[in-house]
Amino acid sequence: MNRDLVSEEKKIMAGKLFSPGNPELTAMKLRSHNLSQRFSQLRQDQEEERFEIIKEMLGGFGEGSYLQGPVFFHYGVHTTIGERNFFNYNTTIQDDALVTIGNDNNFGPNLTIVTPIHPMVASERKAMYDKTGKPCHLCYARPVTIGNDCWFGANVVVCPGVTIGDKVVIGAGSVVTRDIPSNTFAAGVPCKVIREITEEDSMMNYPEINDGYTPEFIP
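Residues numbered from 1 in each chain as written. Predicted model: local features only at pLDDT ≥ 70, side-chain atom pairs only at ≥ 80, totals over all residues. Heavy atoms only, no water.

(A) Spatial organisation of the pattern of salt bridges. Going through the model one piece at a time under the given rule, you end up with 6 salt bridges. With its nearest N and O atoms 3.4 Å apart, the salt bridge here joins E52 to K55. Taken together, the residues E52 and K55, both in helix α3 (residues 47-57) and 3 residues apart, mark about one turn of the helix. A relative accessible area of 40% means that E52 is categorised as partly exposed. Residue class for K55 comes out partly exposed when judged on its relative accessible area of 46%. Notably, a salt bridge pairs D104 with R84, separated by 2.7 Å at the nearest N-O pair. Taken together, the residues D104 in the loop between β7 (99-101) and β8 (106-107) and R84 in the loop between β4 (79-81) and β5 (86-87) connect sequence positions 20 residues apart. Its relative accessible area of 42% is what places R84 among the partly exposed residues. Here the salt bridges do not stand alone but share partners, grouping E83, R84 and D104 into one network. (Salt bridge = Lys/Arg side-chain N within 4 Å of Asp/Glu carboxyl O. Helix = DSSP H or I, 4+ residues; strand = E, 2+ residues; numbered from the N terminus. Buried < 20%, exposed > 50% of the residue type's maximum accessible area, 1.4 Å probe, protein only.)

Given below as structure tokens:
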């Protein structure tokens, strides 16, 4: 992140309680919300305008990546997206903490990534008190990291603090609450590893589907 963090933002990155209503944070979120709305209102063929907004909105956006839209980013600058990723309709990333996405991933419609966590005790969600006795509305956040070469089905939710490895397939409708290791298929609510992905999953084993296509094996 090539910029100076504001004071309350430093608490987010340290994993501590912070005030989402802090004026500096509110200004950052308003900027991202407005940019998200502008992007979502553009036509798909307005490629240059869409790309300029993405560059302004996000912390990083790699070559060859594509956001279908509509989209919603909470802070925007806390999200870094690598190269050659595809995001289908209705991507929502609530990036209070950092969200880091690698390369060559495909995300189905209605992807949701969330990082903030609110207190479990109801009274603490209403207010906690600082050293001077001033009431504060507080939460904290945990980063999300997604590796490379993953495919997420439709309506996947990724919860705070989750790390997903490389070459992972997440089944449609899954709610990912824990880390998922590389080279696995995981699904469910909560999302659990079903099995390892192996050579038996190759399309070459499904001649009734592959219609003569062959994969390109890269050493």
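On we go.
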